[in-house]
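In case you want the letters, here they are:
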Amino acid sequence: MSSNYLDIIRPGINTTFQDKGRDHLYHIGIPFSGAMDNRNYLIANKLVNNNLDSAVIEFAYQGPHIKYSGEKINFAVTGDVIFSIKKKDTEIEGNCYESYQIENGDEINIISTNKSVYGYLALGGEFDLKFQWNSCSINTKANIGSNDGKKLDEGQRINLKKINSNKDIKKTNYINTKIENIRVIKGTNFDYFSEEGKKIFYEKEFTVSKLSDRMGMRLEGPKIDNIVNTNIKSEGLIKGVIQVPADGNPIIMLSDHGTIGGYPKIGVVASVDYDRLVQMSPGSKIKFKEINLSDAETLFRLYEMETQNLLSQI
Amino acid sequence: MIKNISNLGDAALYCDFGNEVNKSINSQVIKYFKSIKEKKFEGINNLTPSYNKLIISYDLKKTNFKEVKNYVENINAEYSIDINSKKLEIPVCCHENFSMDIKRLEEILKLSREKILENFLNKEYFCYMTGFIAGMPFLGDLDENMRAQRLETPRVKVPKGSVALTEQFANIYTFESPGGWNVLGNTPLDVFDSSKEDKPNLINPGDTVIFKEITLDQYKNYNEQ
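Residues numbered from 1 in each chain as written. Chains lettered and ligands numbered in written order. Predicted model: local features only at pLDDT ≥ 70, side-chain atom pairs only at ≥ 80, totals over all residues.

1. A closer look at the overall build of chain A
Note the following rule: Helix and strand assignments follow DSSP, with helices taken as H or I runs no shorter than four residues and strands as E runs no shorter than two, numbered in order from the N terminus. Atoms counted for the radius of gyration: C-alpha only. Globule rule: 2.2 Å times the number of residues to the power 0.38. To sort residues by burial, count the other C-beta atoms lying within 10 Å of each one's C-beta; a count of 20 or more means buried, 12 or fewer means exposed, and anything in between means partly exposed. C-beta atoms are built from the backbone. Contact definition: two residues whose C-beta atoms, as placed from backbone geometry, lie within 7 Å.
Looking only at helices and strands, one finds 4 helices and 21 strands in chain A. For 314 residues, the compact-globule estimate of 2.2 N^0.38 gives 20 Å, and chain A sits close to it at 20 Å. Each principal axis of the C-alpha atoms in chain A carries an extent, and together these give about 65 × 35 × 30 Å. Relative to its 314 residues, chain A shows a buried fraction of 50%. Within chain A, contacts between residues at least 6 apart in sequence are counted, and of these 76% link residues at least 24 apart.

In structure tokens form, the structure reads like this:
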């Protein structure tokens, strides 16, 4: 029996364990999964002196309310999140991007994400989790990963295998910036769409629909007209692909996407904008902007340098 | 041979082997897939073979389009590895408990239930690819008179093990999932088993599958034998 554990008082809406995800499995139908917002995932681990590929708790909208039992441990929350820490006789409001120390009996209550979707809770230590294909990321659709591939549930107890001896408190000043446009690279079926349809795609605003989850983001807006064929022979997908089915409303493939699809691909979200894309909550407005491959590569390199910079300052 | 290589976004190569769907083109795709997988090029993190395309994803932190394209263009996939495929018999029960779309198929195909089963069972089908959901095999080709379109409104839940048809293809739902294919029967076999990490898929691209009919009693006792 582990003497350090969390009890889930309230699980939140879609709370899962995530890490870097799993690769080399598309050909058997298993997507990457892993933390949706990779930058915030890495920062969360760094703030609690973990290895950067450690498992964290990812939540969407409303997060979990947990009670901790055991030795002193650090934790940190990243994203744009409202949460509180309840100690014996006080309850304080927590700040993101700052680590805190909790002890036996303390509670963390993650109330909600603010105008965003995903947040991360990292504990300074190692959860006792099952790994499948070198990852404990939960894929609720295929029931793969830790926790039998299911989201966290009320009343559950989660054990910790290890608590970091380094309990230095860390803090950083990171602000999740919003971007006006999501940059995209032209898709392999771009010419399936009418001139008007292509214009709409780059010039009009789309709204993120409520029917969005870790698998995909559905958009609503002016219809994009297909003039060739509303189906293609099924072929591989990657995250960020924007498919347009017969109804003319784009769907963007996210981290738990189906690995094969048969709808024409109008574009692919540039890797540089993926972390910010997934944070767009239902009702948000999206505008796409075309960039070429070489600009996309350069922008990603800069984004990655910025991430490394942020991490090195923690 | 690969007819054209383009980029799919900034982190994947889109290798186009043509537009037709047939065994010979698909075997080319699988040859490339197996050769590249074997050679483990640094930075390539996923490969998705399909009927006539191969998508190669890579980690943009480690490599880029130009490097991976150059690598793929110079690879000798022609004679590298034989396909090493298996022939598998899949038991299927077509009792009315399972064949949810038999009436629809009878109407669309204008064939009796008996004739539909006769056309479908005991024939060799080639596995073109696996995916969409984990382990789902895409098998073909069905006889010309067996080709029906997808359901107009997909089901929210298709039961695990369902054997279903669309166009020239058959597939197996490896776990309960939404889906729009015409369900003809159900197999008691576990076609995907995530506890077998090295070999989770029973059926792999290049394999040949033959469906053999079993009765409802045999179906019920199947996993107790």
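Let's pick the thread back up.
2. Things to note about the interface of chain A and chain B
Chain A puts 30 residues into the contact, and the matching count from chain B is 38 residues. Where the side of chain A that touches chain B is concerned, the elements lending two or more residues are β16 (235-236) and α4 (293-312) of chain A. Broken down by element, the residue count for the side of chain A that touches chain B peaks at 5 residues, all from α4 of chain A.

3. Digging into the confidence of the model for chain B
Defined as follows: How sure the predictor is of each residue is captured by pLDDT, a score from 0 to 100.
Considering every residue of chain B, the mean pLDDT works out to 93; 96% of them sit at 70 or more. Scoring of the predicted complex yields 0.94 for pTM and 0.95 for ipTM.

4. Details of the domain arrangement of chain A
Residue and element names in this part refer to chain A. Short version of the rule: Annotation comment: domain bounds sourced from an automatic or database domain assignment. Only Asp, Glu, Lys and Arg are considered charged, only Ala, Val, Leu, Ile, Met, Phe, Trp, Tyr, Cys and Pro nonpolar, and every remaining residue, Gly among them, polar.
Examined at the domain level, chain A breaks down into domain 1 (5-163) and domain 2 (181-312). Each of domain 1 and domain 2 was reduced to a C-alpha centroid, and the two centroids are 27 Å apart. With 20 residues of domain 1 at the contact, the number on the domain 2 side is 16 residues. For the side of domain 1 that touches domain 2, the leading source of residues is helix α1 (residues 38-47), giving 5 residues. Among the residues forming the side of domain 1 that touches domain 2, the class breakdown is 8 nonpolar, 7 polar and 5 charged.

5. Quick notes on the sheet that holds strand β11 (residues 125-127) of chain A
All names here are of chain A. Using the following cut-off: Two strands form a pair only when DSSP identifies at least two bridges running between them. Helix axes are fitted to C-alpha atoms over the stretch in contact, other axes to C-alpha atoms as well, and angles between N-to-C directions run from 0 to 180 degrees.
Read across the open sheet, the 7 strands follow the order β7-β6-β9-β4-β1-β12-β11; overall the sheet is antiparallel. This sheet does not close on itself; its edge strands, each paired only once, are β7 (91-94) and β11. For this sheet, the mean inter-axis angle between neighbouring strands, taken without regard to orientation, is 25°. Sheet analysis places strand β6 (residues 81-86) next to strand β9 (residues 107-113), joined by 6 bridges and oriented antiparallel. Bridging from a neighbouring strand, K86 pairs with E107 of β9.

6. What to know about the nonpolar core
The nonpolar side chains of a soluble globular protein tend to be buried with one another. Counted only if it meets this: Here, a nonpolar core denotes buried Ala, Val, Leu, Ile, Met, Phe, Trp, Tyr and Cys residues that are linked to one another through C-beta atoms within 7 Å.
Counting 144 residues, the largest nonpolar core has V56, F75, L121, A122 and V269 of chain A together with A12 and I56 of chain B as the members making the most contacts within it. Here I56 of chain B is in contact with A12, L13, C15, I36, I44, L47, V68 and V72 of chain B, once residues within four sequence places are set aside.

7. Observations concerning the sheet that holds strand β3 (residues 44-49) of chain B
All names here are of chain B. Taken together, the 4 strands give an open sheet; going across it, the order is β1-β2-β4-β3, and neighbouring strands pair in antiparallel fashion. Each edge of the open sheet is held by one strand with a lone partner, namely β1 (4-7) and β3. The sheet shows a mean angle of 20° between the axes of neighbouring strands, taken without regard to direction. Pairing of β3 with strand β4 (residues 53-58) involves 5 bridges; the strand directions are antiparallel. Along β4, the bridge assignment pairs L47 with I56. Lying on the sheet, helix α2 (residues 65-73) is in contact with β1, β2 (12-16), β3 and β4; it crosses β2 at an angle near 35°.

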